[in-house]
Amino acid sequence: KEPAEPSGHTWNDNFFCWRDIRENPGFRWSYAGPIAGMKCTRILETADPHTWADNYLCLPQNSPHNLRWNSAGKINGKACIQWREPADPHTWHDNWLCKDNFKPKGPAEWPQDFRWSNAGIPSGYDCVQIKEPAEPSGHTWNDNFFCWRDIRENPGFRWSYAGPIAGMKCTRILETADPHTWTDNYLCLPQNSPHNLRWNSAGKINGKACIQWREPADPHTWNDNWLCKDNFKPKGPAEWPQDFRWSNAGIPSGYDCVQIKEPAEPSAHTWNDNFFCWRDIRENPGFRWSHAGPVNGMKCTRILETADPHTWTDNYLCVPKYSHLNMAWNSARKIPGKACMRWVEPADPHTWKDNWLCN
């Protein structure tokens, strides 16, 4: 029902139905925009002046039905049901609600099942909207989407323009040349997603499969931005020491990392860019860093530098209980009989040149 329709168009007796011997699919209808927390299909008839721009048919998020609407004929390759209202003169004779005849065929594969669109949702795709509210309307970010084929499973993407989403695996989407608050925008996936994405605002990343994100109407260099992923899956656990490294200058290319930071350190000691890393072609070892004691339920190694006065007595590097890594720390030399990796911070004067993590 659309309340704005004149009574003579007889929308008061129109229903979309399912057999009562079947389970209730969970449909809900809205004539005031999509329903939060549901999977909604816009029911639009552009020729009808009676506010059909905000009408949606919605289903639960876990519904197996991925519906599409067309107000000008069936959609090729889909099974369609006609919606007709003979009493309405505004072309309600060629409207169809459609669904694929087949179920999703497994997870979406990168990059072939994904695409960027700066002109609305493309046919045959499901999408997450990519939007920065601070952008002027003339930059046309209201119709930008990152999409995957609708014959594939939903990867679980969520977009945030207000920082990373707690409990998800998030990739920062940063364009430093754009003044419209692009510093806090993130594309997020479930923690167990097989996709480990990387972003670059100045060209493809070597060795990765990349998809370009373009917005021609935005003058702030949105012509060279790429979302990338490795072409290969992780090849088993990270091996010590060859798959690990220390970095005191940010995250190195080709690695995933855990940040190593002591908040009590002066900024001049540059601990804000220190990381312990493993090759990103390997599985995540599950490291967690704590500057406030060991992490409950984990296997923790105390990272102690007695010569440093900045509260290094309660810092720990932790791994899951089941980890094959059994680490030991020495702040004055390698440990005989073990394979060791040096942790060094040249800007810290408190003997951070002879510290070793061993396994």
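Residues numbered from 1 in each chain as written. Predicted model: local features only at pLDDT ≥ 70, side-chain atom pairs only at ≥ 80, totals over all residues. Heavy atoms only, no water.

## What to know about the sheet that holds strand E10 (residues 158-160)
Pairing is antiparallel in the open sheet, where 3 strands are placed in the order E10-E12-E11. The open sheet has two edge strands with one neighbour each: E10 and strand E11 (168-172). Pairwise comparison of adjacent strand axes, ignoring direction, gives a mean angle of 30° for this sheet. By the bridge criterion, 3 bridges tie E10 to strand E12 (residues 186-190) in an arrangement that is antiparallel. Looking at the pairing, Ser160 lines up with Tyr186 of E12. (Pairing = 2+ DSSP bridges. Helix = DSSP H or I, 4+ residues; strand = E, 2+ residues; numbered from the N terminus. Axes fitted to C-alpha atoms, helices over the stretch in contact; angles between N-to-C directions.)

## A few points about the state of the cysteines
Cysteine pairs can be linked by a disulfide, which is a covalent bond between their two sulfur atoms. Counting across every chain of the model gives 8 disulfides. In this structure Cys17 is a free cysteine whose sulfur lies 17 Å from that of Cys58, the closest cysteine sulfur available. (Disulfide = S-S within 2.5 Å.)

## Let's talk about the sheet that holds strand E17 (residues 255-259)
Across the sheet, 3 strands lie side by side as E16-E18-E17; this open sheet has antiparallel pairing. Sheet topology places strand E16 (244-247) and E17 at the edges, where each strand pairs with a single neighbour. Taking each pair of neighbouring strands and ignoring which way they run, the sheet shows an average axis angle of 30°. Summarising the sheet, E17 and strand E18 (residues 275-279) pair through 5 bridges and their orientation is antiparallel. Within E18, the position partnered with Tyr255 by the bridge is Arg279.

## A closer look at the environment of Trp52
Turning to its location among the elements, Trp52 is positioned in the loop between strand E2 (38-42) and strand E3 (56-60). The class for Trp52 is buried, based on a relative accessible area of 2%. Beyond its immediate sequence surroundings of up to four residues, Trp52 is in contact with Glu2, Glu5, Trp11, Trp29, Ile43, Leu44, Glu45 and Trp92. A polar side-chain atom of Trp52 sits 2.7 Å from a polar atom in the side chain of Glu5. (Buried < 20%, exposed > 50% of the residue type's maximum accessible area, 1.4 Å probe, protein only. Contact = heavy atoms within 4.5 Å. Polar contact = N/O pair within 3.5 Å; in protein donor to acceptor, adjacent residues only side chain to side chain.)

## Brief notes about the packing of aromatic side chains
Inspection of every chain in the model, using the stated rule, returns 41 aromatic pairs. Between the aromatic rings of Trp11 and Trp52, the centroid separation amounts to 4.8 Å while the plane-to-plane angle is 55°, which identifies the pairing as tilted. Of this pair, Trp11 sits in the segment before strand E1 (28-30) while Trp52 sits in the loop between E2 and E3; the two residues are 41 residues apart in sequence, bridging distant segments of the chain. Of the residues examined, Trp11 reaches a relative accessible area of 7% and is grouped as buried. Here the aromatic residues Trp110, Phe114, Trp116, Trp141, Phe146, Trp148, Phe157, Trp159, Trp182, Trp199, Trp213 and Trp222 are joined through ring pairs into a cluster of three or more. Sitting over the face of the ring of Tyr125, Arg115 holds its NZ or CZ atom 5.4 Å from the ring centroid. Lying over the aromatic face of Tyr255, Arg245 brings its terminal NZ or CZ to 5.4 Å of the ring centre. (Phe/Tyr/Trp six-rings, centres within 6.5 Å; stacked < 30°, edge-to-face > 60°. Lys NZ or Arg CZ within 6 Å of the ring centre and 35° of its normal.)

## Remarks on the pattern of salt bridges
Within the structure shown, the criterion is met by 9 salt bridges. When the shortest N-O distance is used, the salt bridge between Arg198 and Asp256 registers 1.8 Å. Of the two residues, Arg198 sits in strand E13 (residues 197-200) while Asp256 sits in strand E17, which places them 58 residues apart along the sequence. For Asp256, a relative accessible area of 18% translates into the label buried. Among the ionic pairs, Asp243 bridges to Arg279, the shortest N-O distance being 3.4 Å. One end of the pair, Asp243, is in the loop between strand E15 (225-230) and E16; the other, Arg279, is in strand E18, with 36 residues separating them in the sequence. For Asp243, a relative accessible area of 4% puts it in the buried group. (Salt bridge = Lys/Arg side-chain N within 4 Å of Asp/Glu carboxyl O.)

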